[in-house]
Amino acid sequence: MRLTAILADDEPNILRNLQGVIPWDELGIDIVGTGKNGLEAYELCERFAPDLVMSDIRMPHMDGIAFIHKLREINEDCKVLMVTGYQDFEYVRSLLRIGVSDYILKPIDYEELENSIRKLANDIRDRKHQAQEEQMKLGKLQNLVYEKVLQDVILNDLDLSADGYLPIDRADFEAVTYLLAILDVDMYSEHTLTWSEPERKAWNLAARKVLHHVLAEEREAATILQMREGEWALLLPWTGAAEEAPAKLEALAATLLQEVNRAVDVGIRVGYYVSPVPLGELSATYRKLQRDLQLTPAAVVPCRETRETADASGTLWDLVAEIVAGLKQVSRPATLDALQRLQAMLEGLPGTSMTRAYQMLHYLILHVLRELREMNAVTPAEEEQMWGQLDKSESIPLLLQVMTQLVAIGLEGTNKKKNSELLMASAKEYIRTQYSNDFGIEDIAGSLGISASYFSLLFKQHFGETFVEYLTKHRMEIAKSLLLHSDKSITDIGRAVGYAERRYFTKVFQKFTGEIPSEYREKRTENSSRD
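Since we're looking at a predicted model, the values are computed, not measured.

## Points about unusual backbone geometry
1) Next: With an omega of -5°, the peptide bond between K106 and P107 qualifies as cis.
2) Next: Take P107: it is sitting in the loop between β5 (102-105) and α5 (110-138).

## Thoughts on helix α12 (residues 332-347)
1) Next: Between its first and last C-alpha atoms α12 spans 22 Å; for 16 residues at 1.5 Å apiece the expected length is 22 Å, and the two agree.
2) Next: Of the residues making up α12, those classed as buried are T335, A338, L339, L342, M345 and L346. With its buried residues spanning 125° around the axis, α12 presents them on a single face. Pointing more than 90 degrees away from the buried face of α12 are the exposed residues P333, Q340 and E347.

## A word on the pairing of strand β3 (residues 52-56)
1) Next: With five of five residues buried, β3 lies mostly within the body of the structure.
2) Next: Residues L52, M54 and D56 of β3 are buried on one face, and the alternating residues V53 and S55, pointing to the opposite face, are buried as well.
3) Next: In the sheet, strand β1 (residues 3-8) pairs with β3 via four bridges, with the strands oriented parallel. What sits directly across from A5, in β3, is L52.
4) Next: Handedness of the crossover joining β3 and strand β4 (residues 79-84) through helix α3 (residues 64-74) is recorded here as right-handed.

## Focus: the packing of aromatic side chains
1) Next: Considering all chains together, one arrives at 15 aromatic pairs under this definition.
2) Next: Relative to F439, the ring of Y430 has its centre 5.2 Å away and its plane inclined at 75°; by these criteria the two rings are edge-to-face.
3) Next: Given the relative accessible area of 9%, F439 is considered buried.
4) Next: For the ring pair Y499 and F505, a centre distance of 5.8 Å and an interplane angle of 40° mean the geometry is tilted. As far as the burial class goes, Y499 and F505 line up, both buried.
5) Next: A cation over an aromatic ring shows up here: R475 above the ring of Y499, its NZ or CZ 5.3 Å from the ring centre.
6) Next: In this arrangement the basic side chain of R524 is found over the ring face of Y520, its NZ or CZ atom lying 3.8 Å from the centre.

## As for the confidence of the model for the protein
1) Next: Per-residue confidence for the protein averages 81 on the pLDDT scale, and 86% of its residues sit at or above 70.
2) Next: Across residues 137-145, confidence stays below pLDDT 50; counting only partners more than four residues off in sequence or on other chains, it has 14 contacts.
3) Next: Long-range and interchain partners of residues 162-173, a stretch whose pLDDT sits below 50, account for 34 contacts in this model, where long-range means more than four residues apart.

## Points about the packing of helix α8 (residues 197-217) against helix α9 (residues 245-264)
1) Next: As a packed pair, α8 and α9 sit with axes 10 Å apart at the nearest point and diverge in direction by 140°. With respect to α9, the axis of α8 lies oblique. The two elements α8 and α9 cross, and the hand of that crossing is right-handed. Contact with α8, carried on its side by W203, A207, V210, L211, V214 and L215, involves L252, T255, L256, E259, V260, A263 and V264 of α9 and no other residues of that element.

## Some remarks on the environment of I268
1) Next: Counting through the fold element by element, I268 comes out in strand β9 (residues 268-273).
2) Next: A sequence separation of 81 residues divides I268 from M187, and the C-alpha atoms of the two residues are 9.3 Å apart.

## Examining the nonpolar core
1) Next: In this structure, L342, L346, L361, I365, L372 and M403 are the most contacted members of the largest nonpolar core, which totals 38 residues.
2) Next: For this core, the elements supplying multiple residues, two or more each, are α11 (312-328), α12, α13 (354-374), α14 (380-392) and α15 (396-417).
3) Next: Excluding its chain neighbours within four sequence positions, the residues that come into contact with L346 are L316, M354, A357, L361, I396 and L400.
4) Next: Ranked by size, the runner-up nonpolar core spans 32 residues in total, among them W203, V210, L236 and W238.

The rules we used
- Numbering of residues begins from 1 in every chain and follows the order in which that chain's sequence is written.
- Thresholds applied to this predicted model are a pLDDT of at least 70 for local features of residues and 80 or more for the giving and counting of side-chain atom pairs; totals over whole chains, interfaces and linings are not thresholded and use all residues.
- Excluding hydrogens and water, the side-chain values take into account all heavy atoms of the structure.
- Starting at the N terminus, helices and strands are each numbered in turn, a helix being any DSSP run of H or I of at least four residues and a strand any DSSP run of E of at least two.
- The span you would expect from a helix comes to 1.5 Å times its residue count less one.
- Only protein chains enter the area calculation, which uses a 1.4 Å probe; residues under 20% of their type maximum are buried, those over 50% are exposed, and those in between are partly exposed.
- To be clear, the arc concerns the directions from the helix axis to the C-beta atoms.
- Pairing between two strands is assigned when DSSP locates at least 2 bridges connecting them.
- Handedness of a crossover is defined as follows: orient the strands so they point away from the viewer, and if the path from the first strand over the helix to the second runs clockwise, the crossover is right-handed.
- When two rings of Phe, Tyr or Trp (its six-membered ring) have centres within 6.5 Å they constitute a pair, described as stacked for plane angles under 30 degrees, edge-to-face for angles over 60, and tilted for the intermediate range.
- By the criterion adopted, a ring carries a charge over it if an Arg CZ or a Lys NZ lies within 6 Å of its centre and within 35 degrees of its normal.
- pLDDT is defined as a per-residue confidence score from the predictor, taking values between 0 and 100.
- Only heavy atoms matter for contacts: two residues are in contact if any of them lie within 4.5 Å across the pair.
- Orientation is described by lines fitted to C-alpha atoms, with helices fitted over the stretch in contact, and by angles between N-to-C directions that extend from 0 to 180 degrees.
- With respect to orientation, any angle under 35 degrees is reported as roughly parallel, any angle over 145 as roughly antiparallel, any angle of 65 to 115 as roughly perpendicular, and every other angle as oblique.
- If you view the pair so one helix is near and one far, a crossing is left-handed when the near helix is turned anticlockwise from the far one by less than a right angle, and right-handed when it is turned clockwise.
- Put simply, buried Ala, Val, Leu, Ile, Met, Phe, Trp, Tyr and Cys residues joined by side-chain atoms within 4.5 Å make one nonpolar core.

Dropping the structure here:
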């Protein structure tokens, strides 16, 4: 479990020493920001919600004591390590009273400092593990497998047929409905252009924490799923009347906008579907919401129907979605075919549609750029170059040149990764979608176009375990969830995770968990009932 930290000191040399001398990476800690005074440190804490803060006392604008007082207003759990030149016992006691976990006297003994940081990091991890265990016992921790199922449903990666698997019974499909919304950072690619990858990850984590906090304050049992950087899907199980849903979503969207904008200081846009959505329609509704949010310049975008529209904006979006899909599948023919149809469509538009088409194409280029970043298929230099060209493109032909160049960069970037990282990403995706079927190394290697021996070598190097170990672990984790969250029989669960024979499934499950499936289910069901 990696932790995040912020350093605050008005002496640049000390800040450099703190970053260079302490083995932060070995300690499992990422430095997400440094401040020259208490005010800067506080702003960083608002932005990143760190696990650990190390601060000097004497700093301009806002000293360490005032900083800690303000920090406790927004973060009660953050550990604070104070650097001080004061040795008076009463003064030290005053530091402890305001929530300082430990202190180091100047001049700094860096060996002592490292030991103190290590101890605090262990305390933080122990506290987090304990909190997680308590939440699980109280039923407050969302089931990770259930979230994964919902995300697979939204991305249309999960079979909802009778043979598919869900932690609910097939008969309940029609009864499960959700209020669905998308929260997206306005101009995310441009806003984060100069950020490093650790900064983006830290920011996205902080934003997710804010979303969870707001929903907890509103007492909403919602699920937040990060679909890509700067975009989240919110699913709220709905049992109320359908006509009450729009008012509920409108109020919730307003609260989320206000709180997220205030906490992370960026523009957030919200798109929501005005009616409850059945489980089987989540994927189509998500795509519709994503499209409408991209094509409508408003802070809150209510969506009132899921049928596909035949206007130029919708067709543009569909063609760009095909381009993105082709890039993700590393399919040059499919990508170029969609690009050619996009060009042909724009060339055939009447003059009255050109202004709107220009605006939409501009938005869609940003969408493709963002997807390429998500695939790690564009370098920061290439991204900056694309932004420069985009700013100078004042006509549709010029925008098409930018789109064409962007597609070329995407194809080159994905092909560069194809021999290692992308192959293993595809292997992981294959396992995630095909685990319920009977397949082996030859099948998955053949789908990737490489030999079984080369696949085995790459897989072990990338994941640190063999293909069989990884696949078995994946299947067993899903089987454990199904045993606890469904009424399916042991035989049906075995088949759902790729084992046609119940006896063989039982044998593998017992080897993995130390218990046969029926014992695993009965023990935990009894414990849950007693709790």
